[in-house]
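Here are the chains, one letter per residue:
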Amino acid sequence: MAEGHKHQFKDRKEKIGWYLDEIDSYKEDMGKWYTLFVRIILPFLLFIIPINIVAARVYKSVVTRFLSGILDPNDNAAMIAFWLVSLLIFLAILIFLPRFATFCEFAISGVFYYIALFLPVTTISNGVVIVKPLITNGLGYFIVIALSIFMFMKLVFLVFEIMYRIVFRGEKEPKAYKDDQNEIVF
């Protein structure tokens, strides 16, 4: 029985660097699919409803406070237009500014969680004021759980990326693709 090669490391920093390099190599091996699906399509699909909720709250707040004489805060057509413009801006940020998109994802999800947990929905039905939480059905719980998992994984990979940049400061390509003679290793 042949034993696998076990790496020997001088110190903990070299061991962490090796693992970070392996993670980065796997990410690079995924190529365009990683970029297309994980950085653009998946966030766009996950943030459709959170952007809707945040955009509706922002629209009502801005119209109520600053534009009350010009626009109606209950105008659904203007609210849908504001939501669609917000989605298009978010999609453009995902495509053209991926690092800024990470910041936007954390900001939008933070505001969404704040709205979902601390700001109840108030409606008036037959003269009775009804106060209920925002998330009341399976779709709402699914969105909260899926968004939580996505943002946790985004945070983990962000920490890995920051650690990678600290450990491999100034290098152009991962060490896994080079050996001592700077030749490509398969």
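Preceding this section is the structure that the text describes.
Because the structure is a prediction, the values reported are computed rather than measured. (Residues numbered from 1 in each chain as written. Predicted model: local features only at pLDDT ≥ 70, side-chain atom pairs only at ≥ 80, totals over all residues. Heavy atoms only, no water.)

Participant: Describe the nonpolar core, with residues and values.
Facilitator: In a soluble, globular protein the nonpolar side chains are often hidden away together inside. In this structure, Phe47, Ile51, Phe90 and Phe112 are the most contacted members of the largest nonpolar core, which totals 21 residues. In contact with phenylalanine 47, other than residues within four places in its own chain, are Leu87, Phe90, Glu105, Ile108, Ser109, Leu147, Phe150 and Met151. Judged by nonpolar contacts, the second largest core, of five residues, contains Ala56, Tyr59, Val63 and Ala78. (Core = buried A, V, L, I, M, F, W, Y, C linked by side-chain atoms within 4.5 Å. Buried < 20%, exposed > 50% of the residue type's maximum accessible area, 1.4 Å probe, protein only. Contact = heavy atoms within 4.5 Å.)

Participant: Describe the environment of valine 62, and please don't skip the residues or the numbers.
Facilitator: With respect to the helices and strands, the residue valine 62 is situated in helix α2 (residues 48-65). Accessibility expressed as a relative area gives 34% for valine 62, which makes it partly exposed. Here the alpha-carbon distance between valine 62 and proline 73, two residues eleven residues apart in the chain, equals 8.6 Å. (Helix = DSSP H or I, 4+ residues; strand = E, 2+ residues; numbered from the N terminus.)

Participant: So, the pattern of salt bridges: which residues are in play, and what are the values?
Facilitator: Counted under the stated rule, the structure contains one salt bridge. Across the salt bridge formed by lysine 154 and glutamate 105, the nearest N and O atoms sit 3.1 Å from each other. In this pair, lysine 154 is assigned in helix α5 (residues 138-167) and glutamate 105 in helix α4 (residues 98-118), connecting sequence segments 49 residues apart. (Salt bridge = Lys/Arg side-chain N within 4 Å of Asp/Glu carboxyl O.)

Participant: Provide a residue-level description of the packing of α4 against α5, including the pertinent values.
Facilitator: Taken N-terminus to C-terminus, the directions of α4 and α5 make an angle of 140 degrees; their axes are 11 Å apart at the nearest point. Handedness of the α4/α5 crossing: left-handed. On the side of α4, the interface is formed by Arg99, Thr102, Glu105, Phe106, Ser109, Phe112 and Tyr113, while α5 contributes Ile143, Val144, Leu147, Ser148, Phe150, Met151, Lys154, Leu155, Leu158 and Arg165. When grouped by side-chain class, the residues that make up the contact of α4 with α5 number ten nonpolar, three polar and four charged. (Axes fitted to C-alpha atoms, helices over the stretch in contact; angles between N-to-C directions. Left-handed = near helix turned anticlockwise from the far one by under 90°. Nonpolar A, V, L, I, M, F, W, Y, C, P; charged D, E, K, R; others polar.)

Participant: I'd love a proper account of the pairing of strand β1 (residues 121-125), names of residues and values included.
Facilitator: Bridge count for β1 against strand β2 (residues 128-132) is five bridges, and the pairing is antiparallel. The residue bridging serine 125 from the neighbouring strand is valine 128, located in β2. Between β1 and β2, which follow one another and run antiparallel, lie two residues, and asparagine 126 among them has a positive phi close to 55 degrees. (Pairing = 2+ DSSP bridges.)

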